[in-house]
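# Chain and residue survey
As a plain string of letters, each chain reads:
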Amino acid sequence: IMRKSEREIKDFDKIIDIIKNTNTIRLGLNDEPYPYVVPVSFGFDVKEDKLSFYFHGATIGKKVDLINKNPLVCVEGDIFYRYMDTIKSVTCLYDSFIAYGKCVKLTGNDAIYGLKQILDHCNYKDHPFNTNALSIVNVYKIEIDSITAKHRTKNN
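First, a word on scope: everything that follows refers to the structure included in this document.

## Details of the packing of aromatic side chains
- All told, the structure shown has four aromatic pairs when counted by the stated rule.
- Taking 5.7 Å as the distance between ring centres and 75 degrees as the angle between the ring planes, the aromatic pair formed by Tyr54 and Tyr113 counts as edge-to-face. Placement of the pair is Tyr54 in strand β5 (residues 50-57) and Tyr113 in helix α3 (residues 108-121), with a sequence separation of 59 residues.
- Judged by its relative accessible area of 2%, Tyr54 falls in the buried class.
- Residue class for Tyr113 comes out partly exposed when judged on its relative accessible area of 29%.
- When the centroid spacing of 5.0 Å and the interplanar angle of 20 degrees are considered together, the rings of Phe55 and Tyr140 count as stacked. Of this pair, Phe55 sits in strand β5 while Tyr140 sits in strand β8 (residues 138-152); the two residues are 85 residues apart in sequence, bridging distant segments of the chain. Per residue, the accessibility class of Phe55 equals that of Tyr140, and both read buried.
- An aromatic cluster is built from Phe42, Phe53 and Phe97, whose rings are joined through pairwise contacts.

Rules and cut-offs
- Residues numbered from 1 in each chain as written.
- Predicted model: local features only at pLDDT ≥ 70, side-chain atom pairs only at ≥ 80, totals over all residues.
- Heavy atoms only, no water.
- Phe/Tyr/Trp six-rings, centres within 6.5 Å; stacked < 30°, edge-to-face > 60°.
- Helix = DSSP H or I, 4+ residues; strand = E, 2+ residues; numbered from the N terminus.
- Buried < 20%, exposed > 50% of the residue type's maximum accessible area, 1.4 Å probe, protein only.

Structure (structure tokens):
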């Protein structure tokens, strides 16, 4: 149950609008003794009401090691609008989402599709890229199992 449930966004289309306007997502990966959180640029799609995120990165490193060890991830995204003072305190106006899913490494045409989704979301839809880049980057898809979203406006 979400605390401050009056701020919860349940409309899937509104959640997608937040995602469209989010610049960066943060991946929460399982590590010991602490979780590991890393920001990534991303793309996404919705097929048959199923949301997926795409991101890319180096072929080696901590992120790759942790995904290989445990592909279950948490994804956080937010849009900060501004701070606002109230009679009692100072608060933040925002939209945000948290999702959970499984991270899968893509290859071949699936990886090319993922890169195109990233470019599209970053407003570089028509930017050419060399498919040879796939030899130096990993492209991942996060298949989302659940997502919640929340917002704070002046009225709530």
